[in-house]
Amino acid sequence: GLDLLALDSTRTDGTTKVGGGLTTPSRKWLAALPEPTGPRIVTCHHPLGPVPEPLGSALPERSYRLRNSRVIADELAGAGVDFLMAGHVHWPYVRTYRGLTVVGVPSVSSFPPAYALVQISPAGTTVSLVPVAGEAGLIEAYEFALEDSNRGDAIREAVSTGYFDSLSDQPTPA
């Protein structure tokens, strides 16, 4: 079987300086789950750990990531989670954080306008970036994104260095 779990990470400390967090009851529920019989995927809004460059240096980590990321990653691994899918920064990536595969999903309303397609089979798991806009829509989204004072330069760098070209059919170790 496949376990797809959604955790609410929309908890803050009352400031704009913290990305999000998981409540104690959510963490206890996760710890009490039985052993998985197949892949176990968790989704939540906020990323776990730092996002990759060039966006990583454009945003302060405390503005987007889960509080206590190291502890949460260890708890997720202890609960048999194979990988976590998160959004918030709308930046597509696949990376490993403390042994856990983390998939950053894009948004259809930002740059690049796309979604992540996750395919799970006995041979493994594949995550693909699927664009939802044609050339004109992509150009419009790119030009709009460049106006963002925090992310514009990072997006320009990502496009010029081929960052998005490297994201198709990313195998994950699930």
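Look up: the structure comes first, before these words.
Residues numbered from 1 in each chain as written. Predicted model: local features only at pLDDT ≥ 70, side-chain atom pairs only at ≥ 80, totals over all residues. Heavy atoms only, no water.

### Regarding the pairing of strand E5 (residues 100-104)
Burial runs high along E5: five of the five residues are buried. Here E5 shows a buried face lined by Leu-100, Val-102 and Gly-104 and a second buried face lined by Thr-101 and Val-103. Note: strand E3 (residues 83-86) against E5, four bridges, orientation parallel. When the sheet's bridge partners are listed, Leu-84 is paired in E5 with Val-102. Judged from the five bridges that link them, strand E4 (residues 93-97) and E5 form a sheet pairing that is antiparallel. From the neighbouring strand, Thr-96 faces E5, where its bridge partner is Thr-101. (Buried < 20%, exposed > 50% of the residue type's maximum accessible area, 1.4 Å probe, protein only. Helix = DSSP H or I, 4+ residues; strand = E, 2+ residues; numbered from the N terminus. Pairing = 2+ DSSP bridges.)

### A word on a nonpolar patch on the surface
Residues Val-108, Tyr-115, Leu-117 and Val-132 make up a contiguous nonpolar surface patch of about 330 Å² in total accessible area. Checked against the element boundaries, Leu-117 lands in strand E6 (residues 114-121). Overall, Leu-117 belongs to the partly exposed group, its relative accessible area being 34%. (Patch = residues over 30% accessible without salt bridge, like charges linked within 9 Å, V, L, I, M, F, W, Y side chains within 5 Å. Areas by Shrake-Rupley, 256 points an atom, 1.4 Å probe, with all protein chains shown as cover. Salt bridge = Lys/Arg side-chain N within 4 Å of Asp/Glu carboxyl O.)

### Examining the nonpolar core
With 33 residues, the main nonpolar core has Leu-48, Leu-76, Leu-84 and Trp-91 as its most contacted residues. Elements represented by at least two residues in this core include exactly strand E2 (40-44), helix H2 (69-78), E3, E4, E5, helix H3 (135-146) and helix H4 (152-160). Apart from the residues within four sequence positions on either side, Trp-91 is in contact with Pro-52, Pro-54, Leu-55, Gly-104, Val-105, Pro-106, Arg-151, Ala-154, Ile-155, Ala-158, Tyr-163 and Phe-164. (Core = buried A, V, L, I, M, F, W, Y, C linked by side-chain atoms within 4.5 Å. Contact = heavy atoms within 4.5 Å.)

### Some points on the packing of H3 against H4
The N-to-C vectors of H3 and H4 enclose an angle of 135 degrees; their axes lie 7 Å apart at closest approach. Compared by their axis directions, H3 and H4 come out oblique. Contact with H3, carried on its side by Tyr-142, Ala-145 and Leu-146, involves Gly-152, Ile-155, Arg-156 and Val-159 of H4 and no other residues of that element. Grouping the constituent residues of the contact of H3 with H4 by class yields five nonpolar, one polar and one charged. (Axes fitted to C-alpha atoms, helices over the stretch in contact; angles between N-to-C directions. Parallel < 35°, antiparallel > 145°, perpendicular 65-115°, else oblique. Nonpolar A, V, L, I, M, F, W, Y, C, P; charged D, E, K, R; others polar.)

### What about the sheet that holds strand E1 (residues 3-6)?
The mixed open sheet is built from five strands, whose spatial order is E1-E2-E3-E5-E4. Whereas interior strands pair on both sides, the edge strands pair on one side only; in this sheet they are E1 and E4. The average angle at which neighbouring strand axes cross in this sheet is 25 degrees, direction not considered. Lying over the sheet, H2 contacts E2, E3, E4 and E5, oriented at roughly 90 degrees with respect to E4.

### As for the pattern of salt bridges
Taken as a whole and assessed by the stated rule, the structure comprises five salt bridges. Between Glu-75 and Arg-27 there is a salt bridge, and its shortest N-O distance comes to 2.7 Å. Taken together, the residues Glu-75 in helix H2 and Arg-27 in helix H1 (residues 24-31) connect sequence positions 48 residues apart. Exposure remark for Glu-75: the relative accessible area of 31% places this residue in the partly exposed category.

### Here's the deal with unusual backbone geometry
Put simply, Glu-53 and Pro-54 share a cis peptide bond, and its omega is 10 degrees. Looking at where Pro-54 falls in the secondary structure, it is placed in the loop between E2 and H2. Geometrically, the link from Phe-111 to Pro-112 is a cis peptide bond, its omega value of -5 degrees lying close to zero. One non-glycine residue with positive phi stands out, namely Asn-68, at about 55 degrees. The partly exposed category is assigned to Asn-68, whose relative accessible area is 49%. A positive phi angle is found at His-90, which is not glycine, with a value near 55 degrees. By the element assignment, His-90 lies in the loop between E3 and E4.

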